[in-house]
Amino acid sequence: MRKNVLLLETIAEEALAVLQKNVNVFTGYDEASLQEVLKEDIHAIITRGKGLITQPLMDAFPHLQVVARCGVGLDNVDVAAATEKKIRVINAPGSNAATIAEHTLSLMLMLMRNMYESASQVKQNNWSWRNSYAGDELNGKTLGVLGMGNIGKRVARLGEAFGMEVVYWSKSVQDLPYKYLAMEGVLRQSDVVSLHLPLNNETGKIIGEKQLRVMKRGSLLINTARGALIDHPALLQALNSGVISGFAADVLPDEPPVESADIVRHPRAIITPHTGSLTSATYRQICLLTINNVVAVLTGGEPEPGSIYNRKALF
């Protein structure tokens, strides 16, 4: 018997084709369509970054076997509730490391070299703006990496390739060719601080007023991890007072921004709309990886090692 899968968001066409070949696919992209699907016997729920997989939604399907996110972070999935119900939680660990690291360096370069404003002024036919240009370069600067997972390591290597000295803080010291410092030491010494931490009870607002005050005056802060790692009212104050010279991010605590709107509009901030993993190559890869592992679970196959986030708790 073919299993039934609920999609809360669109996925790459190739991944959708794999699903349709192996299972029955239902969509719940809005509240009305989701209510219709509640009548079905769903065996798997798949989301990306916005659709919420909550305990009430899981409770609606007594034969649910797996919930999955086409991505890495699981902020929009109630992992604890799924684990308690013996439901496998699938994600795509490590699949976005290369593209997020590349996006991080892009933001870093744009901010350091004032490239966004440069391009904007030329588009406004203001070539003479070059006479008042103020920018710098990454070469010779100190890069502080907070969080040395797959993405943090790639960012460190890219920074090193640009001639930067790399220091880092992570949950534990690792065997790396970079200097490990306490977080305060990283903040004090770095010209650029880049965040690559997961969001949990320990890391929420890990960069607040106290940490921003410690940062080297004139330094830059980059966040391509999770918006809620930073206390944004404190960040706005730090930007306005000149404690830090610039901020660039691909993530915000509220998306689309409402409370963060002042940060988005700030002249020393560059914000992209959470597009770091939406390159055609990575989007396709993340979707296919996740879908293939979901299909494996539903058809009695073997999902890839490491794809089941709560494996240790279940088996």
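For the structure, check the block above.
These remarks concern the structure in this document.

Criteria and cut-off values
- Residues numbered from 1 in each chain as written.
- Predicted model: local features only at pLDDT ≥ 70, side-chain atom pairs only at ≥ 80, totals over all residues.
- Heavy atoms only, no water.
- Helix = DSSP H or I, 4+ residues; strand = E, 2+ residues; numbered from the N terminus.
- Rg over C-alpha atoms; globule rule 2.2 N^0.38 Å.
- Buried < 20%, exposed > 50% of the residue type's maximum accessible area, 1.4 Å probe, protein only.
- Contact = heavy atoms within 4.5 Å.
- Areas by Shrake-Rupley, 256 points an atom, 1.4 Å probe, with all protein chains shown as cover.
- 1 Å grid on protein atoms, 1.4 Å probe; cavity = no way out; pocket = protein on both sides within 12 Å on 5 of 7 lines; lining within 4 Å.
- Points joined across faces, edges and corners; volume = space filled by probe spheres on them.
- Nonpolar A, V, L, I, M, F, W, Y, C, P; charged D, E, K, R; others polar.
- Pairing = 2+ DSSP bridges.
- Right-handed = clockwise from strand over helix to strand, strands pointing away.
- Axes fitted to C-alpha atoms, helices over the stretch in contact; angles between N-to-C directions.
- Parallel < 35°, antiparallel > 145°, perpendicular 65-115°, else oblique.
- Left-handed = near helix turned anticlockwise from the far one by under 90°.
- Salt bridge = Lys/Arg side-chain N within 4 Å of Asp/Glu carboxyl O.
- Core = buried A, V, L, I, M, F, W, Y, C linked by side-chain atoms within 4.5 Å.

Side note on the overall build of the protein chain
No. 1: In terms of helices and strands, the protein chain carries 13 helices and 12 strands.
No. 2: Rg of the C-alpha trace for the protein chain: 22 Å, near the compact-globule value of 20 Å for 315 residues, within the 12% margin.
No. 3: Reported as C-alpha extents along the three principal axes, the dimensions of the protein chain are approximately 70 × 50 × 30 Å.
No. 4: Counting across all 315 residues of the protein chain, residues that qualify as buried make up 49%.
No. 5: Long-range contacts, defined as pairs at least 24 residues apart, comprise 59% of the intrachain contacts of the protein chain with a sequence gap of at least 6.
No. 6: Counting every atom, the protein chain has about 15800 Å² of accessible surface; 51% of that belongs to carbon and sulfur.

What about the layout of surface pockets?
No. 1: Its volume calculated, the second largest pocket comes out at about 440 Å³.
No. 2: Every residue lining the second largest pocket is counted, 22 residues in all, and those nearest its centre are Leu111, Met112, Asn114, Leu220 and Ser245.
No. 3: Elements represented by at least two residues in the lining of the second largest pocket include exactly helix H5 (97-112), helix H6 (115-123) and strand S12 (269-271).
No. 4: When its residues are assigned to classes, the lining of the second largest pocket shows 10 nonpolar, 7 polar and 5 charged.

Notes on the pairing of strand S9 (residues 192-195)
No. 1: Burial of S9 is two-sided: the residues Val192 and Ser194 facing one way and the residues Val193 and Leu195 facing the other way are all buried.
No. 2: In this sheet, S9 lies alongside strand S6 (residues 142-146) in parallel orientation, the contact comprising 4 bridges. Paired with Leu146 across the two strands is Leu195, which belongs to S9.
No. 3: One ladder, built from 4 bridges, connects S9 with strand S10 (residues 220-223); its direction is parallel. Its bridge partner lying in S10, Val193 is registered against Leu221.
No. 4: Handedness of the crossover joining S9 and S10 through helix H9 (residues 209-214) is recorded here as right-handed.

Points about the sheet that holds S12
No. 1: Across the sheet, 7 strands lie side by side as S8-S7-S6-S9-S10-S11-S12; this open sheet has parallel pairing. Strands with a single pairing partner mark the edges of an open sheet, and in this sheet they are strand S8 (179-180) and S12.
No. 2: Note: S10 against strand S11 (residues 246-249), 4 bridges, orientation parallel. Residue pairing for S11: Ile222 is matched across the bridge by Ala248.
No. 3: On top of the sheet, H5 reaches S6, S9, S10, S11 and S12; it is set at about 155° to S10, its chief contact.
No. 4: Helix-sheet contacts for helix H7 (residues 150-161) involve S6, strand S7 (165-169) and S9, and the interaxial angle to S6 is about 175°.

Quick look at the packing of H5 against H7
No. 1: Between H5 and H7, the least distance of the axes is 9 Å, while the angle of their chain directions is 45°. Viewed along their axes, H5 and H7 adopt a mutual orientation that is oblique. Of the two elements, H5 crosses H7, and the hand of that crossing is right-handed. In contact with Ala97, Ala98, Ile100, Ala101, Glu102, Thr104, Leu105 and Met108 of H5, H7 contributes Asn150, Ile151, Arg154, Val155 and Leu158.

Focus on the pattern of salt bridges
No. 1: In this structure the tally under the stated criterion is 10 salt bridges.
No. 2: Glu255 is paired through a salt bridge with Lys50; the nearest N and O atoms lie 3.7 Å apart. A residue pair is termed long-range when its members are at least 10 positions apart, and Glu255 in the loop between S11 and helix H11 (261-265) and Lys50 in the loop between strand S3 (44-47) and helix H3 (55-59) qualify at 205 residues.

Overview of the sheet that holds S3
No. 1: The strand order S2-S1-S3-S4-S5 describes an open sheet built from 5 strands, whose pairing is parallel. The two strands at the open ends of the sheet, each matched to only one other strand, are strand S2 (24-27) and strand S5 (88-90). Direction aside, neighbouring strands of the sheet carry axes that sit 20° apart on average.
No. 2: Two elements, strand S4 (residues 66-69) and S5, share 3 bridges in a ladder whose sense is parallel.

Some points on the nonpolar core
No. 1: Leu146, Ile207, Leu212, Leu221, Leu235 and Ile244 are the most contacted members of the largest nonpolar core, which has 29 residues in total.
No. 2: No other element matches the 5 residues that helix H10 (residues 232-241) contributes to this core.
No. 3: With residues up to four places along the chain from it excluded, the contact list for Ile207 reads Leu146, Leu187, Leu195, Leu212, Leu221, Leu229, Ile230 and Asp231.

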